[in-house]
Amino acid sequence: MASFAYLHWSIILLIVAATLSFDICSATTADCPDEYANSYCLNGGTCFTVTINNNTIFGCYCSDGYVGKRCERKSVPNVSNP
C-alpha cells in the first residue's frame, strides 16, 4: 500500500496560501499527465499535481519504504536527520 511519505514544503505553503486567500487563489489536485505518470516518481511512487492559479506543481505519494520529492531515497526507520 502506498503511503504519503513526503510532500515538498513549497506545495504545503502554496496550499496554505490558497486556503487563506479565498477570493484570490484557487487550488486543485489531479493525477499527473500521461507523459509524467509513469516516469516522474521513482520506486513505485504515484504522481499527482497541485494547480494553484494556473501554476502546476508535481508531487509523489511514495511507496512504503521510500521518501523524497520523487521517492528517490530509501527511508531508514528510527533515524533522524541531524
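Before going into details, it helps to say that this report is about the structure given with it.

Calculation notes
Residues numbered from 1 in each chain as written. Predicted model: local features only at pLDDT ≥ 70, side-chain atom pairs only at ≥ 80, totals over all residues. Heavy atoms only, no water. Phe/Tyr/Trp six-rings, centres within 6.5 Å; stacked < 30°, edge-to-face > 60°. Helix = DSSP H or I, 4+ residues; strand = E, 2+ residues; numbered from the N terminus. Buried < 20%, exposed > 50% of the residue type's maximum accessible area, 1.4 Å probe, protein only. Lys NZ or Arg CZ within 6 Å of the ring centre and 35° of its normal. Pairing = 2+ DSSP bridges. Axes fitted to C-alpha atoms, helices over the stretch in contact; angles between N-to-C directions.

Description of the packing of aromatic side chains
And step 1. Inspection of the entire model under this criterion finds three aromatic pairs.
And step 2. Considering the side-chain rings of Tyr-40 and Phe-58, the 5.5 Å spacing of their centres and the 40° angle between planes classify their relative orientation as tilted. In this pair, Tyr-40 sits in the loop between helix H2 (34-37) and strand S2 (46-52) while Phe-58 sits in strand S3 (residues 55-61), placing the two residues 18 residues apart along the sequence.
And step 3. Here Phe-48 and Tyr-61 contribute two aromatic rings whose centre-to-centre distance is 4.6 Å and whose plane-to-plane angle is 35°, an arrangement assigned as tilted. Pair noted here: Phe-48 is in strand S2 and Tyr-61 is in strand S3, with a separation of 13 residues, a long-range link.
And step 4. Overall, the relative accessible area of 7% leaves Phe-48 in the buried class.
And step 5. Here the aromatic cluster, defined as three or more aromatic residues joined through ring pairs, consists of Tyr-36, Tyr-40 and Phe-58.
And step 6. Lying across the ring of Tyr-40, Arg-70 places its NZ or CZ 4.7 Å from the centre.

Remarks on the sheet that holds S2
And step 1. Strand order in the open sheet formed by three strands is S1-S2-S3, with antiparallel pairing between adjacent strands. The open sheet has two edge strands, strand S1 (27-31) and S3, and neither has a second partner. The sheet shows a mean angle of 25° between the axes of neighbouring strands, direction not considered.

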